[in-house]
Amino acid sequence: MTGMTTNFKSLTWKQTNLVVFTALFFAVAIFIVEIAFVVYTERGQLILAQQELLDSVEQPAANAVWALDDNLAKQTLEGVLKVEHVGSTVINLDDGTLFVSVNNASPDYSDLFISLSRRLFSDISEIDRPLYRPYYFEGTRQQQLIGTLTVFYDTQELTNSLFSQLQLGLVATLARALLLTMVLSVVFHRFLTQPIARISESIDRIDPESPDENLLPTSRAHQDDELGLVTTKFNQILVQFGQTQSKLRKMATRDPLTGLPNRTLLLETIAVTIQRARVHKRHFALLFIDLDRFKNVNDSLGHALGDQYLARIARILERVVGDQGSVARLGGDEFVILADDIQSPTDAAEFVEKLLAQMNTPIQLGEHAVHPAASVGISIYPEDGHGAEDLIRHADIAMYSAKAAGSNQWAFFKQQMTERAAVRLRTEASLHDALKHEEFCLHLQPKLNIETGEVIGCEALIRWKKDGRLISPMSFIPVAEETGIIIPIGRWVIEQSCKIIRDWQKQYNYALPIAINVATPQFADASLVPDIKQMALRYQVNPELLEIEITETSLMNDIELAINKLEQLKSAGFGIAVDDFGTGYSSLSYLRHLPITTMKIDRCFVSDLPHDSAIASTILMLGRQLNLKIVAEGIENEQQLAWLKEHNCPIGQGFYYSQPLEREEFEAKYIAKQHASITVVDNQ
């Protein structure tokens, strides 16, 4: 290829050279013919002029010789010298003696020029005519010779004149040749070499892997000629070659039974996915699937139905995966799913559960109903490998771990991932059941006036009572937020809080304000504001008795949307508190624009009191300037309370006062005792 490139010469350049040399050759040939024609014409004209010249001077010369008048003879000859191209003239007497001679001065010419002149005009370079007595002798009619007139022509001057005349012709001929060359070169380039060059460029762009994607360009001007025929034939070859290439590629990269990618194509796909995931800092999962009891199906039903079973399983896998990844068959009853939309082990576990649920649907094979089952091993990129082979091998190892645990099981390559994901899935399923079976309950923690010790409100905190024991919110709230089930749980909390306030009003003719925590996904949900308004209306709860607590994270996700939602709630009369203030990315520039009524000092700042009080002091000062209620949460000892009281913090909450209490205990301690007389009066 290198030598070919080095010796490459443009067809346009070759074509131009050929046209130039051809035009010059014909120009020179025509010029030579023109010279011959001009010389021939000049000779003919010269011979004719010679005879006319002799005829015109014969009689005057004869008279001068007869009269031996050398002056007359000289005058006659000088007249001859004036004729074009005449070099000299001589009159000799009949005895050969010179009578008169005259000549023109001749310039010096080169020997080559003189030789050329002789070749062209040597045979007509001189002419002579005998001179006779002007009248006849008496008694006889015979003429009497008295002398000879000879005229010599200057052939060098004649040749010079001829070539001066031909010079202009030569220039004109060369100019015509060059103009013709340029015109022909442009025409040939546009009509022939340029289309060929385009075809050459298109050939360079042909991808051997997909030859039919870069067909050669066709030109209207060449549709019906040889070039168009060659282009059409070549394109037909490319299309046929592309079809053959596709068939070969399909045979090389596709499983003939199921039509799924085989191991070769799977490795290529994983390599591309790894490259993309590395660039975008993303994860993906590889699922190695081995069908349980496939050998029994194959042996009992025969290979034909066994193949049909595998094909049906392939379609199920494709349907479940959809556009979330790709499915491949490694051989036998082993399949691999590349799930490039999965970003975490939790996502992978959920996906596998959905997959196994779909696969467990009975398949009808002829007269037989087969219940599929599979063991699935999962590897995660990049935690379980940075290459395709590593990820497949580790998923295979995980699959054997799952198969050892029984049928229809799945496992991660790393055991701790399996345990964590299994716990999370069980928790998610249990949360759905908890809502359905009313396993959730609310505990209430009082808020007190720090100065007087009077209860002025409480915070509703969700608890999960399962199998007779309470489950900490820390173990299920994160799962609820990740899965989105926090939204119906949060809706349940709002409704239960409204019920409690209604019951207090009916039973005690009194109610404390209840603060409700709203998680970030719940705050982002479009139904939050309508839900709160609808519940308050349904249970006839004064909006002032409900306070919505949100975190900084909820605000910062979309500050404009947050402000809009909070303004709707505040304008309806609901209280709004910012929880965990100062633990995130608090910004004073947006805080003053938030329509909030309460700001809470987080327990992490209260626990530092009284030794580290800078942040707590700042929040207290900020709350006063913004005319907000300040609540210090997490008060656990007398020293913390003393500092807060000294610095005029109005409201406190924490274990120092009370742990969160069940509803009945809270009512008995903070409501029933203080309002028993009112309740009795009402009953009477």
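Fair warning: this is a prediction, and the values are worked out from it, not measured in the lab. (Residues numbered from 1 in each chain as written. Predicted model: local features only at pLDDT ≥ 70, side-chain atom pairs only at ≥ 80, totals over all residues. Heavy atoms only, no water.)

1. Focus: the layout of surface pockets
Point 1. Volume-wise, the largest pocket comes out at about 1,000 Å³.
Point 2. Every residue lining the largest pocket is counted, 36 residues in all, and those nearest its centre are Glu 459, Leu 461, Pro 473, Ile 477 and Asn 517.
Point 3. For the lining of the largest pocket, the secondary structure elements donating two or more residues are strand E13 (455–466), helix H13 (473–483), helix H14 (486–508), helix H15 (520–524), strand E16 (546–551) and strand E17 (575–581).
Point 4. Classifying every residue of the lining of the largest pocket gives 16 nonpolar, 10 polar and 10 charged. (1 Å grid on protein atoms, 1.4 Å probe; cavity = no way out; pocket = protein on both sides within 12 Å on 5 of 7 lines; lining within 4 Å. Points joined across faces, edges and corners; volume = space filled by probe spheres on them. Helix = DSSP H or I, 4+ residues; strand = E, 2+ residues; numbered from the N terminus. Nonpolar A, V, L, I, M, F, W, Y, C, P; charged D, E, K, R; others polar.)

2. Quick word on the environment of Leu 93
Point 1. In this fold, Leu 93 is placed in strand E1 (residues 86–93).
Point 2. Those residues in contact with Leu 93 that sit more than four places away from it in its chain are Val 65, Phe 99, Ile 146 and Gly 147. (Contact = heavy atoms within 4.5 Å.)

3. A word on the UniProt feature "transmembrane region" (unreviewed entry) in the protein chain
Point 1. Taking the numbering used here, the UniProt-annotated feature "transmembrane region" (unreviewed entry) corresponds to residues 20–40.
Point 2. The distance from the first to the last C-alpha atom of residues 20–40 is 30 Å, and the span holds 100% helix and 0% strand. (UniProt positions renumbered as here; feature names shortened; annotations may be inferred.)

4. Digging into the nonpolar core
Point 1. By size, the foremost hydrophobic cluster in this structure holds 79 residues, and its most contacted members are Leu 431, Phe 440, Ile 462, Trp 504, Ile 601 and Phe 666.
Point 2. No other element matches H14, which puts 10 residues into this core.
Point 3. Excluding anything up to four places from it in sequence, Leu 431 contacts Phe 440, Trp 464, Phe 476, Val 479, Ala 480, Ile 485 and Ile 489.
Point 4. In terms of nonpolar packing, the next biggest core, distinct from the first, is built from 38 residues, Val 321, Phe 335, Ala 348 and Ile 378 among them. (Core = buried A, V, L, I, M, F, W, Y, C linked by side-chain atoms within 4.5 Å. Buried < 20%, exposed > 50% of the residue type's maximum accessible area, 1.4 Å probe, protein only.)

5. Description of the packing of helix H8 (residues 294–301) against helix H9 (residues 303–321)
Point 1. At their nearest, the axes of H8 and H9 sit 6 Å apart, and the two run at 140° to each other. Between H8 and H9, the crossing angle belongs to the class labelled oblique. On H9, the residues that touch Phe 294, Val 297, Asn 298 and Leu 301 of H8 are His 303, Leu 305, Gly 306, Tyr 309 and Leu 310. (Axes fitted to C-alpha atoms, helices over the stretch in contact; angles between N-to-C directions. Parallel < 35°, antiparallel > 145°, perpendicular 65-115°, else oblique.)

6. Here we look at the packing of aromatic side chains
For any pair of aromatic rings, the description rests on two quantities: the centre-to-centre distance and the angle between the ring planes.
Point 1. One pass over the structure, following the stated rule, counts 10 aromatic pairs.
Point 2. Consider the rings of Phe 440 and Phe 476, whose centres lie 5.9 Å apart with planes at 40°: the pair is tilted. On the criterion of sequence distance, the pair formed by Phe 440 in strand E12 (residues 440–449) and Phe 476 in helix H13 is long-range, its members being 36 residues apart.
Point 3. Ring geometry for Phe 666 and Tyr 670: centres 5.0 Å apart, planes at 45°, overall tilted. Of this pair, Phe 666 and Tyr 670 both sit in helix H23 (residues 663–672), separated by four residues, roughly a single helical turn. (Phe/Tyr/Trp six-rings, centres within 6.5 Å; stacked < 30°, edge-to-face > 60°.)

7. Focus: unusual backbone geometry
Point 1. Note the cis peptide between Tyr 381 and Pro 382, where omega equals 0°.
Point 2. Pro 610 follows Leu 609 through a cis peptide bond whose omega is 0°.
Point 3. The residue Pro 610 is located in the loop between helix H20 (603–606) and helix H21 (614–625) in this model.
Point 4. Despite not being glycine, Asn 408 shows a phi value in the positive range, around 60°.
Point 5. Secondary-structure assignment places Asn 408 in the loop between helix H11 (388–404) and strand E11 (410–412).
Point 6. The phi dihedral of Gln 540 is positive, around 55°, even though this residue is not glycine.
Point 7. Among the structural elements, Gln 540 can be located in the loop between helix H16 (528–538) and E16.

8. With respect to the sheet that holds strand E2 (residues 98–103)
Point 1. One open sheet holds the four strands; their spatial order is E2-E1-E4-E3, and the pairing between them is antiparallel. Two strands in the sheet have a free side with no partner beyond their single neighbour: E2 and strand E3 (126–132). Going across the sheet, the axis of each strand differs from the next one's by a mean of 15°, ignoring polarity.
Point 2. Taken strand by strand, helix H3 (residues 70–81) contacts E1, E2 and strand E4 (145–153), and its axis lies near 35° from that of E2. (Pairing = 2+ DSSP bridges.)

9. Points about empty space enclosed by the protein
A water-sized probe, rolled over the atoms, reveals where empty space remains.
Point 1. A full pass over the atoms with the stated rule returns one cavity of 30 Å³ or more.
Point 2. Computed from the structure, the largest cavity encloses a volume of approximately 40 Å³.
Point 3. Together, Ile 487, Arg 491, Ile 494, Gln 522, Asp 525, Ser 527, Leu 528 and Asp 531 line the largest cavity.
Point 4. Looking at the lining of the largest cavity, the elements that each hand over two or more residues are H14 and H16.
Point 5. Sort the elements by how many residues they give to the lining of the largest cavity and H14 lands first, with three residues.
Point 6. Class assignment of the residues belonging to the lining of the largest cavity gives a composition of three nonpolar, two polar and three charged.

10. Focus on the pairing of strand E5 (residues 284–291)
Sheet faces and side chains relate simply in a regular strand, where the side chains alternate between the two faces.
Point 1. Within E5, eight of the eight residues are buried, leaving the element largely enclosed by the surrounding structure.
Point 2. Of the two faces of E5, the one carrying Phe 284, Leu 286, Phe 288 and Asp 290 and the one carrying Ala 285, Leu 287, Ile 289 and Leu 291 are both buried.
Point 3. Note: E5 against strand E10 (residues 374–381), eight bridges, orientation antiparallel. Bridge pairing in E10 places Leu 286 opposite Ser 379.
Point 4. By the bridge criterion, six bridges tie E5 to strand E7 (residues 334–339) in an arrangement that is antiparallel. Bridged to Ala 285 within E7 is Ala 339.

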